[in-house]
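Next come the chains, spelled out residue by residue.
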Amino acid sequence: KILVTGANGQLGSVLIPHLRSLYGEENVLATDIRKSDQPDAHFELLNASDERALSALIRRNRVTQVYHLAAILSAKGEENPLSTWSVNTSTFFNVLEASRCAEVRKVFFPSSIAVFGTNIDRELAGQQAPLLPSTAYGMSKAASENWSHYYYNRYGLDIRSVRYPGIVGYQSMPGGGTTDYAVDIYHKAVRGEAFSCFLEAGTTLPMIYMDDAITATLQLMEAPAARLKVRTSYNLAGMSFSPAEIATEIRKFIPNFEIQYAPDFRQQIAESWPKRIDDAEARADWGWKPHYDLALMTRDMIQHLEAKYHREPVHQ
Ligand code: VAH
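Procedures and definitions
- Residues numbered from 1 in each chain as written.
- Predicted model: local features only at pLDDT ≥ 70, side-chain atom pairs only at ≥ 80, totals over all residues.
- Heavy atoms only, no water.
- 1 Å grid on protein atoms, 1.4 Å probe; cavity = no way out; pocket = protein on both sides within 12 Å on 5 of 7 lines; lining within 4 Å.
- Points joined across faces, edges and corners; volume = space filled by probe spheres on them.
- Helix = DSSP H or I, 4+ residues; strand = E, 2+ residues; numbered from the N terminus.
- Nonpolar A, V, L, I, M, F, W, Y, C, P; charged D, E, K, R; others polar.
- Phe/Tyr/Trp six-rings, centres within 6.5 Å; stacked < 30°, edge-to-face > 60°.
- Buried < 20%, exposed > 50% of the residue type's maximum accessible area, 1.4 Å probe, protein only.
- Lys NZ or Arg CZ within 6 Å of the ring centre and 35° of its normal.

(A) Inspection of empty space enclosed by the protein at higher detail. Inspection of the entire model under this criterion finds one cavity of 30 Å³ or more. The volume enclosed by the largest cavity comes to roughly 50 Å³. As for the largest cavity, its lining consists of His68, Ala70, Ala71, Asn88, Phe92, Phe109, Ser140, Lys141 and Ser144. Mapped by element, the contributors of at least two residues to the lining of the largest cavity are helix H4 (81-101) and helix H5 (136-155). Looking at the lining of the largest cavity element by element, the count peaks at three residues for H5. Here the lining of the largest cavity is built from residues that sort into four nonpolar, four polar and one charged.

(B) Looking closely at the packing of aromatic side chains. Going through the model one piece at a time under the given rule, you end up with twelve aromatic pairs. Pairing tryptophan 147 with tyrosine 151 gives two aromatic rings, centres 6.3 Å apart and planes at 55°, and the pair type is tilted. Within this pair, tryptophan 147 and its partner tyrosine 151 are both found in helix H5, separated by four residues, close to a single helical turn. The class of tryptophan 147 is partly exposed, set by a relative accessible area of 36%. The rings of Phe93, Trp147, Tyr150, Tyr151 and Tyr155 are connected pair by pair, giving a single aromatic cluster. It is arginine 266 that lies over the ring of phenylalanine 198; its NZ or CZ is 3.6 Å from the centre.

Below, the structure written as structure tokens:
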């Protein structure tokens, strides 16, 4: 069985249907700290901070793979940094130990471009760039990368990871991320509402379309272990754009879309992250290649959101 923690999050709520279509509904157990409003026969409440509950669930369900998605993200995480560190690392250690002691064969956990800091060339962050996270979330992910590397070398635990850029999708609402403006902007545009952006117009960040993020995750998890030379976390990127660039692309579909800029504390977080990512190792080791660019993503987002808001689908 496959266990997913953080099932109700932005990534989990899209990854789980994909995993179920690949492995069967009954073989993918969704867990989260609270129920979602969607009924799910294969959902269990789980606080991954509770080591005993987690290891009991893994044994009871004979879990062989774990996707550990539960975490507090960058912006939300800055409200209480020590709590963010404690939640993100204690849940991670629980997954490492429970997996090592049970018959878990493969573990996935998401890292992030948030592990990078202001001490590198922001134009392009390489796979081996030094990590100097500027947020509690980023520090928890950098620590998780090192512990993954340790558990792989010391115990042979096959744990795999990608450093996601900002993920943009229509299927789920994100929560607490610095890149989440890039999701909200489409919802506002399709609803014909003006958008107030918490980042400055020229703030370029690495992003990836949800469908590409899912493809990359499954590609990494299906790759032969011998191919994987990176056991901290693979750099991954789909595209890079700024709020001004995404607004211009949206106006090709919704000409009267209005945006204003009201930068807040998230501007500093964004400016500590690289503008572009070099994901050559992911391409070389397990065949990664993004499909979606800003134009393709914008078309797909607007088409799906027009359908969702039951508006006359203007753009087929
Ligand atoms: C966040 N979306 O903003 C997440 C991600 C690259 C950013 O870690 O915190």
